Amino acid sequence: MEIKRITVFCGATSGRLPEFEEAAYKLGKDIAEAGYELVYGGGSAGMMGAVANGTVDAGGKVIGVIPRFLVERELAHEKVQTLEVVQSMHERKARMDELGDATITLPGGAGTLEEFFEMYTWGQIGLHQKPLGLINTNNYFDDLMAMFNKMISEEFLEERYMNQLFIGEDLESLVAQFENFRPLPVRTYKDLQKGHRS
């Protein structure tokens, strides 16, 4: 699949360790140096600011998408080339998904995980056919992957839906995996009758 823009979900805080913000900056820098454009949440603070700064500092193009009520709270980034101001969080996520060809999630809090899971679910039900990546800085997402395994073992999730999700330490490792991504066939009502679970 051809990737031109990468959507990155992350938060407006930086986390406890400097490695988190460093990983965000590196991701932004790597996106620019690899010739991709960055789509992100439009803020200048925390992980959002770091990933955008990494892309801008490396001469790359950035598209920020931010709800109007967060323009001041998350300090809208003044250096990005394009800043789209939308009306709601829902519109933000939908627009970020629309703009990107692949999605990467950095370590973050509840909002970041909510964004990740919505993208994961949209892929599961066929609203998009894009690969999803996790940057696993300091093994941050190990417990999440364990939870996915729990969902599978308890038959709340079909294992085939893990084929849209990739985990790595940096952009290069994720892009190498994205190249093997094949969109999943959408489950039908007949599948549900056979006892398949979502």
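Under an unreviewed UniProt entry, the name given to the chain is Cytokinin riboside 5'-monophosphate phosphoribohydrolase, and the organism recorded is Salinicoccus halitifaciens.

Further remarks concern the overall build of the chain. Within the chain, the regular secondary structure consists of seven helices and seven strands. Listing the helices and strands of the chain from first to last along the sequence gives β-α-β-α-β-β-α-β-α-β-α-β-α-α. In terms of C-alpha radius of gyration, the chain reaches 17 Å, essentially the compact-globule figure of 16 Å for 198 residues. Its C-alpha atoms give the chain principal-axis dimensions of about 55 × 35 × 30 Å.

A word on the packing of aromatic side chains. Applying the stated rule across the entire model yields nine aromatic pairs. Taken together, a centroid distance of 5.0 Å and an interplanar angle of 45° make the contact between Tyr120 and Phe148 tilted. Here Phe148 lies in helix α5 (residues 142-153) and Tyr120 lies in helix α4 (residues 110-124), a separation of 28 residues in the sequence. Across this residue pair, the class does not change: Tyr120 and Phe148 are buried. In this structure an aromatic cluster arises from ring pairing among Phe116, Phe117, Tyr120 and Phe148.

Quick notes on the rules
Residues numbered from 1 in each chain as written. Predicted model: local features only at pLDDT ≥ 70, side-chain atom pairs only at ≥ 80, totals over all residues. Heavy atoms only, no water. Helix = DSSP H or I, 4+ residues; strand = E, 2+ residues; numbered from the N terminus. Rg over C-alpha atoms; globule rule 2.2 N^0.38 Å. Phe/Tyr/Trp six-rings, centres within 6.5 Å; stacked < 30°, edge-to-face > 60°. Buried < 20%, exposed > 50% of the residue type's maximum accessible area, 1.4 Å probe, protein only.

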